[in-house]
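Observations on the three-dimensional arrangement
Now for the letters of each chain:
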Amino acid sequence: MKPIYPMTILACLAAPVHAETWNCTVPYDEVNGGGTVTIEDGRLIFVSNWPHRDPETVQCVRSRVKSECMSASLAVIDNGGASVFVKLYSVSWAEDGTPAAVAVREPSAIFAAQEDGYETQRVFPALGYTFPLTDCASN
């Protein structure tokens, strides 16, 4: 039997994983209006059935059982302060490897300008909700 060198194991673990694209249906609810989710290797795209809502594309990082995705916006407000709005998506994966649900959190905060940086002026409670993914198919 030939010996297995540690570098061989490391090379196998570091090799790129086969990238999959998943297309799933989001059932109608009062928050999202239903629609579709496309989950790619490094991003998630949510398209709502509501015509007034633009598609949302967010960047993701995947671990074995979760994908963590985020979009953020920063706006300058009066007196040099800033307001930050973040939308965090956590995709849960079923044991069979299909996406199962998406949990969304939307924290936001306002920062006031100070001489040496910024100070948190107000933090708003993070809105949170979860929606299931159905009829998922891999391309």
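Residues numbered from 1 in each chain as written. Predicted model: local features only at pLDDT ≥ 70, side-chain atom pairs only at ≥ 80, totals over all residues. Heavy atoms only, no water.

A few words on the state of the cysteines. All chains considered together, the criterion is met by two disulfides. Here Cys24 engages in a disulfide with Cys136; their sulfurs sit 2.1 Å apart. On the S-S bond that ties Cys24 to Cys136, the torsion sits near 120°, and the link is right-handed. A residue pair is termed long-range when its members are at least 10 positions apart, and Cys24 in strand 1 (residues 22-26) and Cys136 in strand 9 (residues 134-138) qualify at 112 residues. Owing to a relative accessible area of 3%, Cys24 belongs among the buried residues under this scheme. Disulfide pairing places Cys60 opposite Cys69 at an S-S distance of 2.1 Å. Note on the Cys60 and Cys69 pair: the S-S dihedral is about 105°, so by sign convention the disulfide is right-handed. (Disulfide = S-S within 2.5 Å. Helix = DSSP H or I, 4+ residues; strand = E, 2+ residues; numbered from the N terminus. Buried < 20%, exposed > 50% of the residue type's maximum accessible area, 1.4 Å probe, protein only.)

According to the stated counting rule, one finds four aromatic pairs in the structure shown. Relative to Trp50, the ring of Tyr28 lies with its centre 6.4 Å away and its plane at 75°, an arrangement referred to as edge-to-face. A residue pair is termed long-range when its members are at least 10 positions apart, and Tyr28 in the loop between strand 1 and strand 2 (35-39) and Trp50 in the loop between strand 3 (43-48) and strand 4 (56-62) qualify at 22 residues. On the basis of relative accessible area, Tyr28 is assigned to the exposed category, the value being 53%. Relative accessible area serves as the criterion here: at 24%, Trp50 is assigned to the partly exposed category. Summarising the aromatic geometry, the rings of Phe46 and Phe131 are spaced 6.0 Å apart at their centres and angled 45° between planes, so their arrangement reads as tilted. With Phe46 in strand 3 and Phe131 in strand 8 (residues 117-132), this pair connects stretches of sequence that are 85 residues apart. (Phe/Tyr/Trp six-rings, centres within 6.5 Å; stacked < 30°, edge-to-face > 60°.)

A few words on the environment of Pro27. Within the element layout of this structure, Pro27 appears in the loop between strand 1 and strand 2. The partly exposed category is assigned to Pro27, whose relative accessible area is 31%. Residues Pro27 and Asp135, spaced 108 residues apart in sequence, show a C-alpha to C-alpha distance of 9.9 Å. With near-sequence residues (within four places) excluded, Pro27 lies in contact with Gly34, Pro132 and Thr134. (Contact = heavy atoms within 4.5 Å.)

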